[in-house]
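Take a look at the letters that make up each chain.
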Amino acid sequence: RFALESVVARCFSFIGQDLPMRAHFAIGNFIHDALHNDNIVVTGNGNTVRSYMNQDDLAKWLFRILTIGVAGHAYNVGSDKAITISHLADRIRDILSPEKSVIFKNKIDTLQARTIYVPDISSAKLNLDLELKISLEDSIAQFLT
């Protein structure tokens, strides 16, 4: 038997300069559309709820969990600030390309996937003294530089 202690970081959704822009991540696709296409395209009805943590906050949280997290404990890592995909597309448009339109490619959402994906981060905040430092708006604005 090994005396290996471990701590678990349950990672949710993130935003930052290293985000894939043409993959299956809505936020990356919206940013790509805002910067390079005529419109921002939302597939689905836009009612899905997500939250996004900046990658710089992510790095700080993971380091803190690694260094002072309690062995055998799991911590949710992400933002607790919920936003619908529809509002996310609007916010990205407003910040990166206000002249563009947000269009819905498929108003009927045929996916049976989970519609709300927002973590409860109270344990990490309370027990590890962690907080979100970079807002979603500031994270989106980073793509202008």
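What you are looking at is a predicted structure, and each value in this text was computed from that prediction instead of being measured.

> Residue-level account of the overall build of the protein, with values.
On a plain count of helices and strands, the protein comes out with 5 helices and 9 strands. In sequence order, the secondary structure elements of the protein are arranged as β-β-α-β-β-β-α-β-β-α-β-β-α-α. Projecting the C-alpha coordinates of the protein onto the three principal axes gives extents of approximately 55 × 35 × 25 Å. Per-residue burial over the protein gives 37% buried out of 145 residues. Look at the contacts in the protein between residues 6 or more apart in sequence, and 84% of them connect residues 24 or more apart. Summing over all exposed atoms, the protein offers an accessible surface of approximately 8800 Å²; the carbon and sulfur share of this is 52%.

> Help me get a handle on the sheet that holds strand 9 (residues 116-117), residues and values and all.
Hydrogen bonding along the main chain pairs the strands of a sheet, whether they run parallel or antiparallel. Pairing in this open sheet of 3 strands is mixed, and the strands run 7-4-9 from one edge to the other. Two strands lie at the open edges of the sheet, namely strand 7 (83-84) and strand 9, each paired on one side alone. Of the pairings in the sheet, the one linking strand 4 (residues 49-50) to strand 9 comprises 2 bridges and is parallel in character. Looking at the pairing, Arg50 lines up with Tyr117 of strand 9.

> Before we move on, can you summarise helix 1 (residues 26-36) with the specific residues and values?
Taken residue by residue, helix 1 has Ile27, Gly28, Phe30, Ile31, His32, Asp33 and Ala34 as its buried positions. Close packing links the buried residues of helix 1 with strand 2 (14-15), strand 3 (39-42), helix 3 (85-96) and helix 5 (136-141).

> Account for the packing of helix 1 against helix 3, naming residues and giving values.
Between helix 1 and helix 3, whose axes approach to 10 Å, the crossing angle comes to 35°. Where helix 1 crosses over helix 3, the two elements pack in a sense that is right-handed. Residues Ala26, Ile27, Phe30, Ile31, Ala34 and Leu35 of helix 1 pack against Ile85, Leu88, Ala89, Ile92 and Leu96 of helix 3. Partitioned by chemical class, the residues of the contact of helix 1 with helix 3 number 11 nonpolar, no polar and no charged.

> Tell me about the pattern of salt bridges, and name the residues and values.
The final tally for this structure, using the stated rule, is 5 salt bridges. A salt bridge links Glu137 to Arg91; the nearest nitrogen and oxygen atoms lie 2.7 Å apart. Here Arg91 lies in helix 3 and Glu137 lies in helix 5, a separation of 46 residues in the sequence. Among the charged side chains, a network of salt bridges with common partners joins Asp80, Lys81 and Lys125.

> Explain the packing of aromatic side chains to me, using residue names and the numbers behind them.
Scanning all chains against the criterion turns up 1 aromatic pair. Relative to Tyr117, the ring of Phe12 lies with its centre 4.8 Å away and its plane at 40°, an arrangement referred to as tilted. Of this pair, Phe12 sits in the loop between strand 1 (8-11) and strand 2 while Tyr117 is found in strand 9, placing the two residues 105 residues apart along the sequence. Exposure remark for Phe12: the relative accessible area of 19% places this residue in the buried category.

> Mind laying out the nonpolar core, listing which residues take part and the relevant values?
Among the nonpolar cores identified, the biggest contains 19 residues, and Ile27, Leu88 and Ile92 are the most heavily contacted of them. Top element by residues in this core is helix 3. It accounts for 5 residues. Contacts of Leu88, omitting those with residues within four sequence positions, involve Ile27, Phe30, Tyr52, Ile83 and Leu136. Membership of the second largest hydrophobic core comes to 11 residues, among which are Met53, Ile65, Tyr75 and Val77.

> Can you explain unusual backbone geometry? Please cite residues and give values.
One non-glycine residue, Asp129, adopts positive backbone phi at about 55°. You can see Asp129 is positioned in the loop between helix 4 (122-128) and helix 5.

Rules used in this analysis
In every chain, residue numbers begin from 1 and rise along the written sequence. The predicted origin of the model limits local features to residues at a pLDDT of at least 70 and limits the giving and counting of side-chain atom pairs to 80 or more, whereas totals for whole chains, interfaces and linings rest on all residues. Derived side-chain values reflect all non-hydrogen atoms in the structure, with water molecules and hydrogen atoms excluded from consideration. Segments assigned H or I by DSSP are reported as helices when at least four residues long, segments assigned E as strands when at least two residues long, and all are numbered from the N terminus. Type-normalised accessible area, obtained with a 1.4 Å probe on protein chains alone, sets the label of each residue: buried when under 20%, exposed when over 50%, and partly exposed for intermediate values. Note on contacts: a residue pair is in contact if any heavy atoms of the two residues lie within 4.5 Å. Here the accessible surface of atoms and residues is derived via Shrake-Rupley with a 1.4 Å probe, and residues count as covered only by protein chains that are part of the display. Note: two strands are recorded as paired if DSSP finds a minimum of 2 bridges between them. In this analysis, axes come from line fits to C-alpha atoms, helices being fitted only over the stretch in contact, and the angle between any two N-to-C directions falls in the range 0 to 180 degrees. If you view the pair so one helix is near and one far, a crossing is left-handed when the near helix is turned anticlockwise from the far one by less than a right angle, and right-handed when it is turned clockwise. When residues are sorted by character, Ala, Val, Leu, Ile, Met, Phe, Trp, Tyr, Cys and Pro go into the nonpolar class, Asp, Glu, Lys and Arg into the charged class, and all the rest, Gly among them, into the polar class. Any carboxyl oxygen of Asp or Glu within 4 Å of a side-chain nitrogen of Lys or Arg constitutes a salt bridge here. Any two of the Phe, Tyr and Trp rings considered here, Trp counted by its six-membered ring, make a pair once their centres fall within 6.5 Å; the pair's planes then place it as stacked at under 30 degrees, edge-to-face at over 60, or tilted in between. Definition of nonpolar core: a set of buried residues of the types Ala, Val, Leu, Ile, Met, Phe, Trp, Tyr and Cys, connected through side-chain atoms within 4.5 Å.

The analysis is restricted to geometry; functional conclusions fall outside its scope.
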